[in-house]
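Inside the fold
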Amino acid sequence: MKIDGVRLDLVPLRLRERFEISSGARQNRTILLVRLHGEGEIGWGECVAAEDPGYSYETTETAWHVLTEFVLPAVVGTDAEGPGDVMAPAKWIRGHRMAKAAVEMAAWDLHARSAGLSLAEAIGGDRRRVDVGVSVGLQPTDDDLLLQVEGYAARGYKRVKIKIKPGRDVDMLRRVRERFPDLPLMADANSAYTLDDLPTLRKLDALGLMMIEQPLGYDDLRDHARLQEELETSICLDESIRSVGDAALALELGAGRIINIKPGRVGGFGGARAIHDLCLARGVPVWCGGMLESGVGRAHNVALATLPGFTLPGDISESRRYWERDLVDPEFVLTEGTLLVPEGPGIGVRPDVERIEAHSVRTACLPG
Ligand code: OSB
Ligand code: MG
């Protein structure tokens, strides 16, 4: 498949609710959209890098830089055998997986459209709906949190993930647990703890959580392995896993028993698939994480979650959990705790090109 050209856009979107995690809060997102032209089709991708380097060193601006200066000049105009090879000319570029993933996933959309397949079918998935959970940010008070959890539980989400940080953890989660004794609950610390916090982490261990996500350093598998030995609750790794090599090492060390796969974090569907396959072979459950995507990125996540190893609900919530109005039509809507997998060609939802172009604050096209 030949990539003839590309267009990038930056589209500011306001979250319906401020989203706070241990490293900071955000109210606005700047959505970086990729359009690849080729095969007489257009493939869509979304870069999940955030505005600040609190989750990863990548940001919207580093992604824009690396894409326009290095990745796209390498990829545009070259001919690849298939979507799995499109990124080969950019292999020399180290890291910057979120930037690369946006292009790789757009190539998969392009491929799926030209083959007349849904994206889920193109990557080998076979589910018609995927189980979904919701990720709830840190709230000003415990009562605010209880209200949020109540709303999401009533809406039918299959599990609720709660962001924690030191000082906003044991007592807060105990109150949620007491109020919702049977709700599948988990916590995500985004690396806010160290092994010095073992007494606190042991108390979390008593709350019957499905898992505790990324409690320790984003680059510290050894400490995660030490912690996992001390806890009954499974540790789930997010930030720690950037590649299938990281996943293999983590499992060998016993650094966790579950992996959150975000295709953006691992360079796209190729990396995500490799981690999925490794985990499936080892009997390790995986689930699809989220990065506050617009409907474009969400469609890619839904497709990924149709692979057989995704046995736990993902952070792939419905459009209205994030946006007043999503960038795609139709929007994603929760049905009995699931999202239906779009059946049309490619991502199967239509990006609102008029609105995207009307609101875009920066554009780049290659060839110029
Ligand atoms: O750690 O999973 C995370 C959002 C931004 C950055 C990191 C994370 C998150 C979420 C939100 O938890 C998941 C979603 O998109 O709903
Ligand atoms: Mg996380």
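Residues numbered from 1 in each chain as written. Chains lettered and ligands numbered in written order. Predicted model: local features only at pLDDT ≥ 70, side-chain atom pairs only at ≥ 80, totals over all residues. Heavy atoms only, no water.

**A closer look at the domain arrangement of the chain**
Examined at the domain level, the chain breaks down into domain 1 (5-116 + 353-367) and domain 2 (122-340). Distance between the C-alpha centres of domain 1 and domain 2: 23 Å. Listed as interface residues are 32 residues of domain 1 and, on the opposing side, 42 residues of domain 2. Roughly 3,200 Å² is buried in total at the junction of domain 1 and domain 2, and carbon and sulfur atoms are behind 64% of that figure. There are two salt bridges connecting domain 1 and domain 2. E324 is paired through a salt bridge with R16; the nearest N and O atoms lie 4.0 Å apart. Counting across the domain 1 and domain 2 interface gives 19 residue pairs in polar contact (both at pLDDT 80 or more). Looking at the side of domain 1 that touches domain 2, the elements with two or more residues in it are β1 (5-21), β2 (24-38), β3 (41-47), α2 (97-115) and α11 (353-359). Examining the composition of the side of domain 1 that touches domain 2, we find that 11 residues originate from one element, α2, more than from any other. Residue composition of the side of domain 1 that touches domain 2, grouped by class: 17 nonpolar, three polar and 12 charged. (Domains from an automatic or database assignment. Contact = heavy atoms within 4.5 Å. Buried area = accessible area lost by both parts, 1.4 Å probe. Salt bridge = Lys/Arg side-chain N within 4 Å of Asp/Glu carboxyl O. Polar contact = N/O pair within 3.5 Å; in protein donor to acceptor, adjacent residues only side chain to side chain. Helix = DSSP H or I, 4+ residues; strand = E, 2+ residues; numbered from the N terminus. Nonpolar A, V, L, I, M, F, W, Y, C, P; charged D, E, K, R; others polar.)

**Concerning the sheet that holds strand β15 (residues 362-366)**
Two strands in a sheet stick together by hydrogen bonds in their backbones, pointing the same way (parallel) or opposite ways (antiparallel). The antiparallel open sheet is built from four strands, whose spatial order is β3-β2-β1-β15. Unpaired on one side and paired on the other, β3 and β15 mark the two borders of the sheet. Looking at each pair of strands side by side, their axes are set apart by 25° on average, direction ignored. Pairing geometry for β1 and β15, over five bridges, is antiparallel. Following the sheet pairing, L8 is matched in β15 by A364. Helix α1 (residues 60-75) contacts β1, β2, β3 and β15 of the sheet and is inclined by roughly 160° relative to β1. (Pairing = 2+ DSSP bridges. Axes fitted to C-alpha atoms, helices over the stretch in contact; angles between N-to-C directions.)

**Some points on the sheet that holds strand β6 (residues 160-163)**
Taken together, the seven strands give an open sheet; going across it, the order is β5-β6-β7-β8-β9-β10-β11, and neighbouring strands pair in parallel fashion. The open sheet has two free edges, formed respectively by β5 (134-136) and β11 (286-288), since each of these has just one partner strand. By the bridge criterion, two bridges tie strand β8 (residues 212-213) to strand β9 (residues 235-237) in an arrangement that is parallel. Counterpart to E213 in the pairing with β9 is C236.

**What about the coordination of the magnesium ion (ligand 2)?**
Coordination of the magnesium ion (ligand 2) by the protein involves D188 (OD), E213 (OE) and D238 (OD), with metal-donor separations of 2.1 to 2.3 Å. We note that the donor set of the magnesium ion (ligand 2) lies within a single chain, spaced as D-x24-E-x24-D. Of this pair, E213 sits in strand β8 while D238 is found in the loop between β9 and α8 (244-253), placing the two residues 25 residues apart along the sequence. You can call D238 buried: its relative accessible area is 0%. (Donors = N, O, S within 2.8 Å, 3.2 Å for Na, K, Ca; no water. Buried < 20%, exposed > 50% of the residue type's maximum accessible area, 1.4 Å probe, protein only.)

**Considering α1**
The first and last C-alpha atoms of α1 sit only 20 Å apart over 16 residues, clearly below the 22 Å expected at 1.5 Å per residue. Along α1, the helix axis deviates most sharply at L67, where the bend reaches about 50°. Of the residues making up α1, those classed as buried are T60, A63, W64, V66, L67, T68, V71, L72, A74 and V75. For α1, the secondary structure elements touched by its buried residues are β1, β2, β3, α2 and β15. Directly after α1, the chain includes G77, whose backbone phi takes a positive value near 95°. (Expected span 1.5 Å × (residues − 1). Bend = angle between axes of the 7 residues up to and from the residue.)

**Regarding the nonpolar core**
Soluble globular proteins tend to pack their nonpolar side chains together in the buried interior. If you look at the biggest cluster of nonpolar residues, it comprises 88 residues, and the most contacted ones within it are I162, I259 and L304. Residue assignment places this core across two domains, with domain 1 (5-116 + 353-367) and domain 2 (122-340) each supplying three or more. What I259 contacts, discounting residues up to four positions off in sequence, is C236, L237, I241, A247, L251, I275, C279, V284, P285, V286 and W287. Grouped together as the second largest cluster of nonpolar side chains are 34 residues, L72, I93, L110 and A364 included. (Core = buried A, V, L, I, M, F, W, Y, C linked by side-chain atoms within 4.5 Å.)

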